[in-house]
Amino acid sequence: MCRVDEIMKLETLDSHLTSGGIHLLSSKDVDTDSFDFPGLSATEDGRIIYVCGHEVFIESADKKNWLKLYQDPGRKVLVSICYDAGNLYFVETLITPGGVDHAVLCIKNILDMDKRDKLEVSEIFPFTHHEEQDGNYDPPNISVTGNMVALTCNDKLVFFDLVTKAQYTQICCSGVGLRCAVALPMNNFCTTHGYSVVKFDCNGRVRRRLKLDSMRALRICRWKGDNLVLLFLDLKDQHIRLALLDSDGAF
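Concerning empty space enclosed by the protein
Line of reasoning, step 1. As enumerated under the stated definition, the model contains two cavities of 30 Å³ or more in all.
Line of reasoning, step 2. Lining the second largest cavity are Asp-138, Pro-139, Thr-152, Cys-153, Asn-154, Asp-155, Leu-178 and Arg-179.
Line of reasoning, step 3. Partitioning the lining of the second largest cavity into residue classes produces three nonpolar, two polar and three charged.

Below you can see the structure in the form of structure tokens.
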């Protein structure tokens, strides 16, 4: 099981993360397992949610402990999550060679402590996601804003209406190399690409590329409005860490 350590003591802002207008606020060490890197999200009050394999964890209100929010009861795994307006959306699949069947599911009102033991999971819609041509499996990433669901699938950003379940547009970003896409205000999106964080618009045009020193960007999600949480590999000590980033001035 993936384990995320307690919040580290806040350090002075002399990290390589200060380059490009991004400032280190805090970080957590992250251990990964055979399910690849954890999926990330955050609530409006700044609590981190992460998924790894069959389990979803959320920070306690005081941010001192991790609480198990959900555990998949079957053989399927959860590969991506996104919190929006009290609800948690996630992508579930049964990972088998050549497997293509995926689904977007929802757990409503996850912050309602009185109903924590009675959380109900409902399927929003199924979809198909193929392995890449070389046989590698790059899991879809979900981002939800209002009635819009955005899924990144093999270098494409596909949009669905949360109410009608209909697909209404698609962006192909072969020039960016999508692994995840986080919805931002004004129809903009953000993704990780190698040693950079990239902002692009709804037409796939790159608006800004921030190069990160001594680190490789892995996953990203929104935190408290326009701020970002970045999961990265520190190339100096080869540790995978979760950093809370302030993107003011950068995006």
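The structure having been displayed, the exposition proceeds.
Description of the layout of surface pockets
Here the idea is plain: a probe the size of a water molecule rolls over the atoms and shows the empty space left.
Line of reasoning, step 1. Of the voids in this model, the largest pocket is the one considered here, and its volume is about 370 Å³.
Line of reasoning, step 2. Of all the secondary structure elements, the ones that give two or more residues to the lining of the largest pocket are strand S3 (39–42), strand S7 (77–84), strand S11 (141–145), strand S15 (182–184) and strand S19 (215–223).
Line of reasoning, step 3. Looking at the lining of the largest pocket residue by residue, the class counts come to 14 nonpolar, eight polar and five charged.

Quick word on the sheet that holds strand S10 (residues 121–128)
Line of reasoning, step 1. Taken together, the four strands give an open sheet; going across it, the order is S7-S8-S9-S10, and neighbouring strands pair in antiparallel fashion. Looking at the sheet topology across the chains shown, the edges are occupied by S7 and S10. Strand after strand, the sheet turns through a mean of 20° between neighbouring axes, direction not considered.
Line of reasoning, step 2. Strand direction decides the pairing type here: S7 and strand S8 (residues 87–93), joined by seven bridges, are antiparallel. The residue bridging Ser-80 from the neighbouring strand is Val-91, located in S8.

Let's talk about the environment of Phe-189
Line of reasoning, step 1. By the element assignment, Phe-189 lies in strand S16 (residues 188–193).
Line of reasoning, step 2. Given a relative accessible area of 3%, Phe-189 falls into the buried group.
Line of reasoning, step 3. Counting along the chain gives 13 residues from Phe-189 to Cys-202, while the straight-line C-alpha distance between them is 7.4 Å.
Line of reasoning, step 4. When sequence neighbours within four positions are dropped, the list of residues in contact with Phe-189 reads Met-148, Leu-157, Phe-159, Val-182, Ala-183, Leu-184, Val-198, Lys-199, Phe-200, Asp-201 and Cys-202.

Points about the nonpolar core
Line of reasoning, step 1. Counting residues in each nonpolar core, the largest one holds 18 residues, and the members touching the most others are Val-104, Phe-125, Ile-142, Val-149 and Leu-151.
Line of reasoning, step 2. Listed by contribution, the elements that provide at least two residues to this core are S7, S8, strand S9 (101–107), S10, S11, strand S12 (148–153) and strand S13 (156–161).
Line of reasoning, step 3. Setting aside chain neighbours within four positions, we find Ile-142 in contact with Ser-80, Ile-81, Cys-82, Tyr-89, Phe-90, Val-91, Val-104, Val-149, Ala-150 and Leu-151.

Each value, and the rule that gives it
- Residues numbered from 1 in each chain as written.
- Predicted model: local features only at pLDDT ≥ 70, side-chain atom pairs only at ≥ 80, totals over all residues.
- Heavy atoms only, no water.
- 1 Å grid on protein atoms, 1.4 Å probe; cavity = no way out; pocket = protein on both sides within 12 Å on 5 of 7 lines; lining within 4 Å.
- Points joined across faces, edges and corners; volume = space filled by probe spheres on them.
- Nonpolar A, V, L, I, M, F, W, Y, C, P; charged D, E, K, R; others polar.
- Helix = DSSP H or I, 4+ residues; strand = E, 2+ residues; numbered from the N terminus.
- Pairing = 2+ DSSP bridges.
- Axes fitted to C-alpha atoms, helices over the stretch in contact; angles between N-to-C directions.
- Buried < 20%, exposed > 50% of the residue type's maximum accessible area, 1.4 Å probe, protein only.
- Contact = heavy atoms within 4.5 Å.
- Core = buried A, V, L, I, M, F, W, Y, C linked by side-chain atoms within 4.5 Å.

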